[in-house]
Amino acid sequence: MIAAYQQRCAARVDAALEDLFAAPRHDLQRLYQAMRYSVVNGGKRVRPLLVYAACEALDGDLDRADGAACAVELIHAYSLVHDDLPAMDDDDLRRGQPTTHIAFDEACAILAGDGLQSLAFEVLADARRNPQDAELRLAMVMGLARAAGPAGMVGGQAIDLASVGRRLDQQALEAMHRHKTGALIEASVQLGALASGRADEHTLRALAQYAQAIGLAFQVQDDILDVESDTATLGKTQGKDQANDKPTYPALLGLDAAKAYALELRDQALHALRLFGDSAEPLRDLARYIVERRS
């Protein structure tokens, strides 16, 4: 069931994303090619799926969620481009393809990431793809900015780089990943709910609890796969975290305990949705998928 939903939503957001990469001038073609390459070369589209699923959970119109779905994927893609740079994680492979700085060059990759980040906010502010209410769009822009910036994803990456070679306790490890991975996942759910135009304080609180649980579960499962999977399946270099002496959940808890913790987080996410009806079933399926995926 989740595979069909994932395919349908991925096709929807991919069509919307494709419209964004037409270079306005000939001398910008290479930059736009690098931006497009960084976004459309595969990917699970988990964050856009969460946008659409949260909007559907509140019986919203998906036409008003396309901007948010594009925006979170653009931010995610920009973060991957920059994470892969030699100054960061220094990776050569992403989604089974050469990373952007390998396929183009380092300077072009930096600019492509910058361009994707700016484009995300342009798309999210556009009334044609988002709710008509300007105050609602402003709240969505602010939510994404907080999640993507120094209080969220960027801050998490800074903590991650500073933690190489150090042993973190579970509390510190979770704090890092709630920023680095969880913040954008939480924003995806929040933006989808806001895009519905039907969110209230009660539903936003429940969805935030759901998103916090799956955001952490996503990272735990990533760490597990870095141990158990292989490069071909992952589409990125397997064993990179261990090779770089990064703190991970399997290293801290042990592999079996990390798997049990991922399932516990999944159950917390499902419990947070207990007051929602059948319209939230895609969110439930996504919580299960996050800890069952193999890549």
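S.K.: Help me understand the overall build of the chain, please; the structure alone is not making it clear to me.
M.R.: Broken down by element type, the chain carries 15 helices and two strands. Since a compact globule built from 295 residues should have a radius of gyration of about 19 Å, the 18 Å found for the chain is in line with a globular shape. Taken along its principal axes, the extent of the C-alpha atoms in the chain is 55 × 50 × 35 Å. In the chain, which comprises 295 residues, the proportion classed as buried is 53%. For the chain, the share of sequence-separated contacts (at least 6 apart) that also reach a separation of at least 24 residues comes to 73%. When the accessible area of the chain is evaluated, it comes to approximately 12900 Å², of which 51% is carbon and sulfur surface.

S.K.: For this particular structure, what's the right way to read the packing of aromatic side chains?
M.R.: Aromatic ring pairs: the centre-centre distance and the angle between the two ring planes describe each pair. One pass over the structure, following the stated rule, counts two aromatic pairs. Relative to Phe104, the ring of Tyr37 lies with its centre 5.6 Å away and its plane at 70 degrees, an arrangement referred to as edge-to-face. Here Tyr37, found in helix H2 (residues 29–40), pairs with Phe104, found in the loop between helix H5 (100–103) and helix H6 (106–125); they are 67 residues apart in sequence, far enough to count as distant. With relative accessibility at 19%, the residue Phe104 sits in the buried group. Judged by centre distance (6.3 Å) and plane angle (45 degrees), the ring pair of Tyr249 and Tyr261 falls under tilted. In this pair, Tyr249 is assigned in helix H13 (residues 249–253) and Tyr261 in helix H14 (residues 255–272), connecting sequence segments twelve residues apart. Just above the ring of Phe218 sits the side chain of Arg47; from NZ or CZ to the centre is 5.2 Å.

S.K.: For this particular structure, what's the right way to read H2?
M.R.: When the terminal C-alpha atoms of H2 are compared, their 16 Å separation across twelve residues agrees well with the 16 Å that a helix rising 1.5 Å per residue should span. Those residues of H2 lying buried are Tyr32, Ala34, Met35, Ser38 and Val39. Seen end-on, H2 carries its buried residues on one side only, within an arc spanning 160 degrees. Looking at the buried positions of H2, the neighbouring elements they touch are helix H1 (2–18), helix H4 (66–83), H5 and H6.

S.K.: What exactly am I supposed to notice about the packing of helix H10 (residues 201–228) against helix H15 (residues 281–292) here?
M.R.: If you want to describe how two helices pack, look at the angle between their axes and the distance between the axes. Put simply, H10 and H15 touch, their axes get as near as 8 Å, and they point 20 degrees apart. Judged on the interaxial angle alone, H15 and H10 are roughly parallel. Regarding H10 and H15, the two cross each other, and that crossing is left-handed. Residues Leu207, Tyr210, Ile214, Ala217, Phe218 and Gln221 of H10 pack against Leu283, Leu286, Ala287, Ile290 and Val291 of H15. Looking at the contact of H10 with H15 residue by residue, the classes come out as ten nonpolar, one polar and no charged.

S.K.: Would you mind going over the nonpolar core with me for this structure?
M.R.: Most often, soluble globular proteins have nonpolar side chains that are buried together. Counting residues in hydrophobic clusters, the biggest one holds 81 residues, and the most contacted among them are Leu50, Leu74 and Tyr210. With eleven residues, H10 is the largest single contributor of residues to this core. Not counting residues within four places of it along the chain, the set of residues in contact with Leu50 comprises Ile185, Ser188, Val189, Tyr210, Ile214, Leu283 and Leu286.

S.K.: Before we go on, may I ask you to explain the environment of Leu273 in this structure?
M.R.: On the secondary structure map, Leu273 appears in the loop between H14 and H15. In contact with Leu273, not counting residues within four places along its chain, are Leu207, Tyr210, Ala280, Leu283 and Arg284.

S.K.: Would you take a moment to explain the packing of H10 against H14 for this structure?
M.R.: The N-to-C vectors of H10 and H14 enclose an angle of 160 degrees; their axes lie 8 Å apart at closest approach. On the basis of their axis angle, the class for H10 and H14 is roughly antiparallel. Helix-helix and strand crossings are classified by hand; for H10 and H14 the assignment is left-handed. Contacts from Ala206, Gln209, Tyr210, Ala213, Ile214, Leu216, Ala217, Val220, Gln221, Ile224, Val227 and Glu228 in H10 reach Leu255, Ala258, Lys259, Tyr261, Ala262, Leu265, Gln268, Ala269 and Ala272 in H14. Residues of the contact of H10 with H14, tallied by class, amount to 16 nonpolar, three polar and two charged.

S.K.: For this particular structure, what's the right way to read empty space enclosed by the protein?
M.R.: Picture a little ball the size of a water molecule; that probe, rolled over the atoms, points out where space is still empty. Evaluation of the coordinates by the stated rule reveals one cavity of 30 Å³ or more. Here the largest cavity is characterised by a volume of approximately 80 Å³. Among the elements that line the lining of the largest cavity, the one with the most residues is H4, at three residues. Class assignment for the residues of the lining of the largest cavity results in four nonpolar, four polar and three charged.

S.K.: Help me understand the state of the cysteines, please; the structure alone is not making it clear to me.
M.R.: Between two cysteines, a covalent bond joining their sulfur atoms is known as a disulfide. Under the defined criterion, the tally for this structure stands at zero disulfides. The closest cysteine sulfur to the non-disulfide-bonded Cys9 is located on Cys55, 10 Å from its own sulfur. Summary of cysteine pairing: Cys70 is not part of a disulfide, and the nearest cysteine sulfur, belonging to Cys9, is at 12 Å. With relative accessibility at 0%, the residue Cys70 sits in the buried group.

The rules behind the values
- Residues numbered from 1 in each chain as written.
- Predicted model: local features only at pLDDT ≥ 70, side-chain atom pairs only at ≥ 80, totals over all residues.
- Heavy atoms only, no water.
- Helix = DSSP H or I, 4+ residues; strand = E, 2+ residues; numbered from the N terminus.
- Rg over C-alpha atoms; globule rule 2.2 N^0.38 Å.
- Buried < 20%, exposed > 50% of the residue type's maximum accessible area, 1.4 Å probe, protein only.
- Contact = heavy atoms within 4.5 Å.
- Areas by Shrake-Rupley, 256 points an atom, 1.4 Å probe, with all protein chains shown as cover.
- Phe/Tyr/Trp six-rings, centres within 6.5 Å; stacked < 30°, edge-to-face > 60°.
- Lys NZ or Arg CZ within 6 Å of the ring centre and 35° of its normal.
- Expected span 1.5 Å × (residues − 1).
- Arc of directions from axis to C-beta.
- Axes fitted to C-alpha atoms, helices over the stretch in contact; angles between N-to-C directions.
- Parallel < 35°, antiparallel > 145°, perpendicular 65-115°, else oblique.
- Left-handed = near helix turned anticlockwise from the far one by under 90°.
- Nonpolar A, V, L, I, M, F, W, Y, C, P; charged D, E, K, R; others polar.
- Core = buried A, V, L, I, M, F, W, Y, C linked by side-chain atoms within 4.5 Å.
- 1 Å grid on protein atoms, 1.4 Å probe; cavity = no way out; pocket = protein on both sides within 12 Å on 5 of 7 lines; lining within 4 Å.
- Points joined across faces, edges and corners; volume = space filled by probe spheres on them.
- Disulfide = S-S within 2.5 Å.

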